[in-house]
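Per-entry structural report
The chain contents come next:
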Amino acid sequence: MQAKIVLYKKVADDVLAMLQQDYQVVQFDGVDAGSRAAFMAELQDAVGLIGASLKIDAEILDHAPRLKAISTISVGVDQFDPADLRRRGIVLLNTPDVLTETTADTGFALILAAARRVVEMAGYVKQGRWTHSIGEDCFGTDVQGKTLGIIGMGRIGGAIARRASLGFSMRVLYNNRSPDPAAEAAYAARFCPLGQLLQNADFICITAPLTPQTRGMIGKAELAQMRSSAILVNISRGSIVDEAALTEALASGRLRAAGLDVFEREPLPADSRLLSLPNVVALPHIGSATHETRKRMALCAAQNLLDALSGKSTPNVANPA
Ligand code: 8YV
């Protein structure tokens, strides 16, 4: 009898075949209130779990007494309690590196789209409002040569810094748990206390992971420190920002614009006030969402799980002892 893996996100056939070589695989194309009981029932004798976009809480784990490894098809691990998993003897694996460049591209797409009002101006043309040569009311703001403040100089933050410094001649400030000499040498990035970064940046890009320390770190006070001409971009997690305070700052003109790929609640409710603001570019969490990268992530996550279950070492352990 083959040991069991539960898969809770749809993956390509070749990725599924990798898992099925040595394991019985029970698949769920996402888990919701209607399938949660069946999902937990299947976990009773599962040794491995792989998927994404579901909070793996204590109730689920209490239904998985034989679980040895969880492999998330994501770099973010805020859907888990890594320390609790370690206490339960469950190793947590994630997919850093494979999505770094694609997610950084999304971040820079938002910087450019918000600065040059791309979505708003595309609507202007599509709505037939382009009836004469444009004037100042259609102008955006420059990106090249401006100052970018990066909150979280990890893999994705570093890739954003490279684009900014080498591609757009931007001055790069950053705030991080610790200084990053490599980024400072390669991109002339300068470490700043958060307040100094917020006060001096034309663009602020959030790439820090969501942790108990970063939850709510950009609140009303932090927004008030930003220049009124500043643009905030968030490609990490919505809960790092006080979304109500951000909405108020954008609506009142105390902040020029925002480019957001993540939100406190996802999907973002269609009646969210953010969607009524012309100075907001809102995307449906497409950070890593290209065919190529999502395939690489699924392959990486499957290999992570197989390695962990067979006792092989893997560099992608997100809850090391
Ligand atoms: C997606 C992400 O949420 O990797 C992450 O942490 O936020 C995104 O890549 C993830 O791929 C789940 O679909």
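Criteria and thresholds
Note that residues are indexed from 1 along each chain, following the sequence as it is written. Per-residue local features are limited, in this predicted model, to residues with pLDDT of at least 70; the limit for side-chain atom pairs, both in listing and counting, is 80 or more; totals at the level of whole chains, interfaces and linings are taken over all residues. Excluding hydrogens and water, the side-chain figures rest on all heavy atoms present in the structure. Numbering of helices and strands starts at the N terminus; helices are DSSP runs of H or I of at least 4 residues and strands are runs of E of at least 2. We take the radius of gyration over the C-alpha atoms and set the globule estimate at 2.2 Å times the residue count to the 0.38 power. Partly exposed residues are those whose accessible area sits between 20% and 50% of the maximum for their type, while under 20% is buried and over 50% is exposed, using a 1.4 Å probe and protein chains only. Any two residues whose heavy atoms approach within 4.5 Å at even a single point are treated as in contact. Accessible areas in this description were obtained via Shrake-Rupley with a 1.4 Å probe; residue shielding takes into account the shown protein chains only. The charge count treats Lys and Arg as positive and Asp and Glu as negative. His and the chain ends do not count. Lys charges are placed at NZ, Arg charges at CZ, Asp charges at CG and Glu charges at CD. Distances are taken per atom, and a residue is near a molecule or strand as soon as one of its heavy atoms is within 4 Å of it. Side-chain atoms alone can form a polar contact between residues adjacent in sequence; in general such a contact is a pair of N or O atoms within 3.5 Å, and within protein one must be able to donate a hydrogen while the other accepts it. Note that Gly is not counted as nonpolar here; it falls among the polar residues with everything else outside the nonpolar set of Ala, Val, Leu, Ile, Met, Phe, Trp, Tyr, Cys and Pro and the charged set of Asp, Glu, Lys and Arg. By this definition, two strands are paired if DSSP reports at least two bridges between them. To count toward a patch, a residue needs a relative accessible area above 30% and no salt bridge. Like charges then connect within 9 Å, nonpolar side chains (Val, Leu, Ile, Met, Phe, Trp, Tyr) within 5 Å. One side-chain nitrogen of Lys or Arg within 4 Å of one carboxyl oxygen of Asp or Glu is enough to make a salt bridge. The arc in question is traced by the directions running from the helix axis to the C-beta atoms. These domain boundaries are the output of an automatic or database domain assignment. What counts as buried area is the accessible surface, traced by a 1.4 Å probe, that two parts surrender upon association, with contributions from both included.

What follows deals with the overall build of the protein. Assigned secondary structure in the protein consists of 12 helices and 12 strands. Relative to the globule expectation of 20 Å for 321 residues, the C-alpha radius of gyration of the protein, 21 Å, shows essentially globular dimensions. Here the protein, with 321 residues, has 50% of them falling under the buried criterion. Taking all contacts inside the protein whose residues are at least 6 apart in sequence as the whole, residues at least 24 apart take part in 60%. Carbon and sulfur atoms make up 53% of the accessible area of the protein, which amounts to about 15,300 Å² in all. Treating the 33 positive side-chain charges of the protein as one cloud and the 33 negative ones as another, the clouds have centres 3 Å apart.

A few words now on the site of the ligand. Taken together, 13 residues lie near the ligand, and Val75, Gly76, Arg237, His285 and Ser288 sit nearest. Taking Lys9, its side chain carries an N or O atom lying 3.5 Å from an oxygen atom of the ligand. One nitrogen or oxygen atom from the side chain of Ser288 is found 2.5 Å from an oxygen atom belonging to the ligand. In isolation the ligand offers 320 Å² of accessible surface; the protein chains occlude 90% of this area. The residue makeup of the shell around the ligand, split by class, is five nonpolar, five polar and three charged.

Moving on to the pairing of strand β3 (residues 46-51). Burial of β3 is extensive: six of the six residues sit out of reach of the surface. Of the strand pairs in this sheet, strand β1 (residues 4-7) and β3 are connected by four bridges, and their pairing is parallel. Counterpart to Val6 in the pairing with β3 is Leu49. Where β3 and strand β4 (residues 69-72) come together, four bridges link them in parallel fashion. Among the inter-strand pairings, Gly51 is bridged to a residue of β4, identified as Thr72.

What follows covers a nonpolar patch on the surface. Together, Val125, Trp130, Ile134 and Phe139 line one region of the surface with nonpolar side chains, adding up to about 430 Å² of accessible area. Take Val125: it is sitting in helix α6 (residues 118-126). Under the relative-accessibility criterion, Val125 is labelled partly exposed at 44%.

The subject of this paragraph is helix α1 (residues 13-20). Burial in α1 covers these residues: Val15, Leu16, Met18 and Leu19. Down the axis of α1, the smallest arc covering the buried residues is 150 degrees, so these residues share one side. The elements touched by buried residues of α1 are β1, β2 (24-27), β3 and α12 (291-309).

Checked against the element boundaries, Thr247 lands in helix α11 (residues 243-252). The residues contacting Thr247, other than those within four sequence positions of it, are Arg273, Leu274 and Leu277.

In terms of domains, the protein is made up of domain 1 (4-96 + 292-310) and domain 2 (100-282). With five residues of domain 1 at the contact, the number on the domain 2 side is four residues. Between domain 1 and domain 2 the total buried area reaches about 410 Å² when both faces are included, carbon and sulfur atoms providing 51% of it. When the buried surface of domain 1 facing domain 2 is broken down by residue, Asp78, Pro96 and Thr293 rank first, second and third, together holding 81% of it. Run the count over domain 1 and domain 2 and you get one salt bridge. The closest approach of N and O atoms between Arg237 and Asp78, which form a salt bridge, is 2.8 Å.

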